[in-house]
There are 2 protein chains.
Amino acid sequence: MPENDDTTPPLTREALTQAALRVLERDGLAGLSMRKVAAEVGVKAASLYWHVRNKQELLDLLTDAVMASAEPPPREGGWREQFHAYCSRYRRLLLDNRDAAKVVSGRLAPGPHLLAVMEDQLDRLRAAGFSDADAAMATYLLGAFVQGFVLQEQSPISAAEVLGTSRRDIADAAGDRFRSLPADTFPNLVALAGDLTEPDMDARFEFCVQRILDGLAALLPVDRR
Amino acid sequence: MPENDDTTPPLTREALTQAALRVLERDGLAGLSMRKVAAEVGVKAASLYWHVRNKQELLDLLTDAVMASAEPPPREGGWREQFHAYCSRYRRLLLDNRDAAKVVSGRLAPGPHLLAVMEDQLDRLRAAGFSDADAAMATYLLGAFVQGFVLQEQSPISAAEVLGTSRRDIADAAGDRFRSLPADTFPNLVALAGDLTEPDMDARFEFCVQRILDGLAALLPVDRR
DNA sequence: CATCACTCCCTAACGCTGTTAGGGGCCACG
DNA sequence: CGTGGCCCCTAACAGCGTTAGGGAGTGATG
């Protein structure tokens with residue numbers, strides 16, 4: 001009798017999704033198993049298959065649940081500020097929810113929340129003066145980039161048997177590694193060791209986003225950039 | 001007696017890597033197990049742990065093996081053409097080796113071959129007139145983007161219980177899905193259904209790369225773009 | 001020659017995974 | 001009262017990464 005209620009309400013897909021979200025936060029994507037999700041809702045693993053076709057469908061639900069917490073930036077300022085904010089918020093979202101980048105990039109599942117985001121982005125891009133085709137491509141470009149960036153940003157470093165796990169320490173170690181390469185075959189890596197191992201990922205992201213926004217701006221007539 | 005030799009040469013990490021590469025090509029990353037790799041070299045699974053610390057180390061070797069087949073584009077024409085070629089070739093490489101994008105993005109393992117690529121890219125960027133910091137960032141940006149793009153490009157579509165698995169059919173189905181959305185809440189998705197589901201991924205990639213190159217070009221003094 | 005250390009592979013096992021088959025209470029409807 | 005659908009169960013299957021411990025073969029050392 002683990003419950004004080006004599007009957008527990010039947011499971012819903014939403015409850016299941018929320019439970020999976022908790023397990024994901026606690027144990028990460030690698031630790032997210034059907035058995036743990038089942039235990040989280042007080043049920044055995046096989047029972048999940050009544051509500052969900054398989055694990056992938058649960059991950060699809062997770063994807064949309066993550067996207068649900070995305071809220072569009074304020075609609076003020078130029079299109080550049082707005083899309084800069086969009087990118088920053090999307091990155092934040094992926095960073096704040098554990099392993100969200102891996103979950104989202106594992107499947108292209110346009111759930112209702114993602115559709116809403118796309119709709120909003122397209123509206124702003126067209127209002128900014130982008131052609132239909134360019135607007136469609138721009139949303140794709142920004143989405144793919146932010147996802148790729150965060151994935152890269154979060155991917156573990158191979159040589160990291162380093163004790164100090166802080167960004168700073170890792171960057172220092174990587175810098176030393178670059179500097180200790182043979183200078184005759186890798187002159188540029190040696191010379192740019194410091195630049196290559198910039199530990200401030202926010203600054204890196206900033207740079208990249210600004211370049212992409214510059215590239216998009218070049219599509220507009222000069223007076224609308 | 002599966003061998004005509006009475007003794008087989010002892011395993012090397014290189015032989016093991018090549019075997020893993022074959023299994024990867026045949027069964028994909030999800031089907032790549034230590035047992036299968038062991039069988040591929042005619043050995044039992046536990047024996048692999050003599051040559052390799054764990055599966056992740058094998059994947060790191062795989063990553064560098066994939067990067068080994070990357071060859072830099074010819075050093076002729078402007079920096080734009082050169083880096084356009086770099087991006088296209090990197091994408092081709094990721095597309096041609098099964099699940100290469102997933103393997104590569106799972107770990108940040110700067111093996112010798114990746115170091116060589118970075119060295120070469122930095123050299124060209126500096127020659128083109130980019131500052132040290134900008135050159136370092138640019139390699140990062142291009143790498144992260146291409147990886148993100150291919151990952152997105154290859155991620156399976158959730159609603160694809162569709163029979164016709166061709167790009168064209170999937171795009172058509174997705175287009176129909178967009179068009180059948182309620183036009184009052186998703187006017188842009190409905191209107192741009194065709195543009196959003198452009199099936200020619202080469203064209204999509206082309207667009208994105210050109211935008212990023214435009215953005216990078218803006219860093220240069222006008223006379224060197 | 002005997003002994004030791006080292007290399008390289010083995011068997012056996014542990015605890016985990018996703019998924020299916022089949023069964024059994026329970027509740028509403030005819 | 002019976003029947004059918006809902007919702008969960010137990011049991012099991014085949015596979016996974018990984019470890020412990022053993023046992024042949026080889027080459028150097030006493």
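Please refer to the structure higher up on the page.
Residues numbered from 1 in each chain as written. Chains lettered and ligands numbered in written order. Predicted model: local features only at pLDDT ≥ 70, side-chain atom pairs only at ≥ 80, totals over all residues. Heavy atoms only, no water.

(A) Broad picture of the relation of the copies chain B and chain A. Expressed as a screw transformation, the operator carrying chain B onto chain A has a rotation angle of 180 degrees and an axial translation of 0.0 Å, and the superposed copies differ by an RMSD of 0.0 Å. This pairing of chains is accounted for by a two-fold axis. Interface overlap between copies is the fraction of interface residues in one copy that are interface residues in the other; for chain B against chain A it reaches 100%, indicating a shared surface. (Least-squares fit on C-alpha atoms with pLDDT ≥ 70 in both. Contact = heavy atoms within 4.5 Å.)

(B) Main features of the protein's contact with DNA strand D. In the vicinity of DNA strand D lie 17 residues, with Lys44(A), Ser47(A), His51(A), Ser33(B) and Arg35(B) positioned nearest. Put simply, 57% of the atoms of DNA strand D that lie within 4 Å of the protein are in sugar or phosphate. Looking at the surface near DNA strand D, the elements that each hand over two or more residues are α3 (48-51) of chain A together with α2 (34-40) of chain B. (Near = heavy atom within 4 Å. Helix = DSSP H or I, 4+ residues; strand = E, 2+ residues; numbered from the N terminus.)

(C) Here's a closer look at the protein's contact with DNA strand C. Around DNA strand C, a shell composed of 17 residues is seen, among which Ser33(A), Arg35(A), Lys44(B), Ser47(B) and His51(B) lie nearest. Protein-adjacent atoms of DNA strand C, using a 4 Å cutoff, are sugar or phosphate at a proportion of 57%. Ser33(A) has a polar side-chain atom sitting 2.8 Å from a phosphate oxygen of DNA strand C. Broken down by secondary-structure element, the contributors of at least two residues to the surface near DNA strand C are α2 (34-40) of chain A together with α3 (48-51) of chain B. By residue class, the composition of the surface near DNA strand C is 9 nonpolar, 4 polar and 4 charged. (Polar contact = N/O pair within 3.5 Å; in protein donor to acceptor, adjacent residues only side chain to side chain. Nonpolar A, V, L, I, M, F, W, Y, C, P; charged D, E, K, R; others polar.)

(D) Here's a closer look at the pattern of salt bridges. All names here are of chain B. The full count for this structure, using the stated rule, is 34 salt bridges over all chains. Note that Arg-75 is salt-bridged to Asp-120, the shortest N-O span being 3.1 Å. Here Arg-75, found in the loop between α4 (55-68) and α5 (79-96), pairs with Asp-120, found in helix α7 (residues 112-128); they are 45 residues apart in sequence, far enough to count as distant. Arg-75 sits in the partly exposed class, given a relative accessible area of 47%. Among the salt bridges present, the one from Arg-124 reaches Asp-120, with a minimum N-O distance of 3.0 Å. (Salt bridge = Lys/Arg side-chain N within 4 Å of Asp/Glu carboxyl O. Buried < 20%, exposed > 50% of the residue type's maximum accessible area, 1.4 Å probe, protein only.)

(E) Structural context of helix α8 (residues 132-154) of chain A. With 23 residues, α8(A) should cover 33 Å at 1.5 Å per step; its first-to-last C-alpha distance of 34 Å lies within 8% of that length. With 20 of 23 residues buried, α8(A) is to be regarded as a mostly interior element. (Expected span 1.5 Å × (residues − 1).)

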